[in-house]
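Now for the letters of each chain:
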Amino acid sequence: MPVWDDLVGQEKLSEQLAAAARDADALVTAATAGTPPPEASKMTHAWLFTGPPGAGRSTAARAFAAALQCVSPDRALGGIPGCGFCDGCHTALLGTHADVTTVAAVGTQILADDMRDTVRKSFTSPANGRWQVILVEDAERLNEKSANAVLKAVEEPAPRTVWLLCAPSVEDVLPTIRSRCRHLNLLTPSVDAVADMLVRRDGIEPEAAYAAARATQGHVDRARRLATDPRARERRAAVLKMPLRVEDIGGCLRAAQELVDAATADSKQLAEEVDVKETEEMKAALGAAQGGRMPRGTAGVMKDLEDKQKRRRTRTQRDSLDLALTELTGFYRDVLALQLGSRLALANTDAEDALERLARGSAPEATLRRIDAIAACRDALDRNVAPLLAVEAMTMALRAG
C-alpha cells in the first residue's frame, strides 16, 4: 500500500509530494550515475507542513520521508517512490531508518540541547539511504536558541539533506525559517473521509466509525483513539457531563479536581510504560551492573534523563487537559448551534439531552462567554499557570455564564 494512503482527505497535497519525491529520486539517480541533474525540479531542501490539529501534518511529513528513502525496483519502470513495502519505506514509517531523524518536544519546548546533535547530523551525508531527512514534529515549540540552530542549518544545508517542519500555522514559525521553506497546508479531513479510513484501516464498524469521526470533527488521531480505546470513550463521556455539574461552587471545584487528576493519571501511565524501560536501558548502556551501583561520572547523565522524563510528564498532562478542553469547546459549540436554530453537523449527538437542556436554560451570549472561558484556560496553561488553578477558574466561569 503506497505511503500516500495514510493521508486522509489530502489528495491534492499527496499529488504534490509524490511529484517532489519523483524529482528527488531523479536527482539522486543522476548524482549517482554522474549525469547532469534535471533542469526543473519540484524538490527543495526544506518543507513546512501546516494545518489544524488532527489534519495529519506529521503523517504527511513521515510519508514524504518514506518516499524519499524508497528503494523499490518499480521506480526504474516509472513507478512513483513511496511503495510502502520496501525496506526504505518500511523503516522510515516505523521511525527506525538510520537517515530519518525525528525531533519532537519532550516538554513544552524543544530546547537547544535537544537539537544540537540533530543539527550536526544534518550536515553529514546519508549513511545508507538516499537522503538525510530531519523531521521536526513540533516546530512551533522551538525556543529562541533551538530555532536559531535550525535556521543556520536550513540556510546552508548539505546537498542531500531535507528538513521537514510541522506546525499549526506559518505564524508559529520564525519568519526567517519559513521564508526558506516550501509551504504545504493541510485541510481538515471530512467526517466521511475519516470514517472511511477507520473502516478500511482499523476494521471499525461503519456506524461506530462515523460516530467517532463526527464526535472529533475530522481529527484523525482522536477519531481512531475514540473508536478503538474504551478508556478514551469513558474519559470523553466524563468531560461532556461537566457542564451539568458546575451548578454550584462545590461542583465546580470537584469537576476541576477530577479533570486534573485524570490528566495526571495519563502522565503517570506514560511514565510507567516508558520511563522505567528508558531508565534501565540507559543504566545498561552506561555499564551499571544488574541491581548494582552506577559507575562513577554517570550521575549527570542520569540527572539529564530524569529532567527529560519530568518534562515529558508535564507535557503529557497538558496535552490531556488540552484534549478535554477541546471536547468541552465542541460541546458548547453544539449548544450555541441549537440556540441559533441549527441542528446541522452537531458533533455530540450522543449527549443531545444535555445539549438541549443547556440551550434552553441560557442565552447565546452566555454560551459565547463560556467558550471564551475555555480559551482563557488554554492560554493560562500555555503560560505555565498551575493546572488546577487554571481549570478551577474556568469551571467557575462556566457556572457564571
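The residue count restarts for each chain, going from 1 along the sequence in the order it is written. In view of the model being predicted, local features appear only for residues whose pLDDT reaches at least 70, and side-chain atom pairs are presented and counted only at 80 or more, with totals across whole chains, interfaces and linings using the full set of residues. Computation of side-chain values: all heavy atoms of the structure, hydrogens and water removed.

A. Representation of a nonpolar patch on the surface. Patches draw on residues past 30% relative accessible area with no salt bridge. Two like charges within 9 Å are joined, as are two nonpolar side chains (Val, Leu, Ile, Met, Phe, Trp, Tyr) within 5 Å. For accessible areas, the Shrake-Rupley method is used with a probe of radius 1.4 Å. Any residue's cover is judged against the shown protein chains and nothing else. Counted as salt bridges are all cases of a side-chain nitrogen of Lys or Arg within 4 Å of a carboxyl oxygen of Asp or Glu. Among the surface-exposed residues, Ile249, Leu253 and Met396 lie close enough to one another that they form a single nonpolar patch of about 230 Å² accessible area. Segments assigned H or I by DSSP are reported as helices when at least four residues long, segments assigned E as strands when at least two residues long, and all are numbered from the N terminus. Checked against the element boundaries, Ile249 lands in helix H11 (residues 249-285).

B. Geometry of the pattern of salt bridges. The final tally for this structure, using the stated rule, is 16 salt bridges. A salt bridge links Asp229 to Arg231; its shortest N-O distance comes to 3.7 Å. Burial status follows relative accessibility: with a 1.4 Å probe on protein chains alone, a residue under 20% of its type maximum counts as buried, one over 50% as exposed, and anything between as partly exposed. Look at Arg231 and you get partly exposed, because its relative accessible area is 43%. For the salt bridge of Asp350 with Arg236, the shortest nitrogen-to-oxygen distance reads 2.8 Å. With Asp350 in the loop between helix H12 (299-339) and helix H13 (352-361) and Arg236 in helix H10 (residues 230-241), this residue pair connects regions lying 114 residues apart in the sequence. Taken together, the shared-partner salt bridges connect Asp25, Arg75 and Arg130 into one network.

C. Region of the structure containing the sheet that holds strand E2 (residues 100-103). The criterion for strand pairing is that DSSP finds at least two bridges linking the strands in question. The sheet built from five strands is open, its strands ordered E2-E3-E4-E1-E5 with parallel pairing. Edge strands, defined here as strands with exactly one partner in the open sheet, are E2 and strand E5 (182-185). Across this sheet, the average inter-strand angle for adjacent strands is 15°, counted without regard to direction. The pairing of E2 with strand E3 (residues 132-136) spans four bridges and is classified as parallel. Bridging across to E3, Val100 finds its partner in Val133. When checking whether two residues touch, look at their non-hydrogen atoms; a contact exists if any pair is within 4.5 Å. Every axis corresponds to a line fitted to the C-alpha atoms, with the helix fit spanning only the stretch in contact, and the corresponding angles, defined between N-to-C directions, vary from 0 to 180 degrees. Strands strand E1 (46-50), E2, E3 and strand E4 (161-167) of the sheet are contacted by helix H2 (residues 57-68), whose axis makes an angle of about 165° with E4.

These results come straight from atomic positions and should not be treated as a statement about function.
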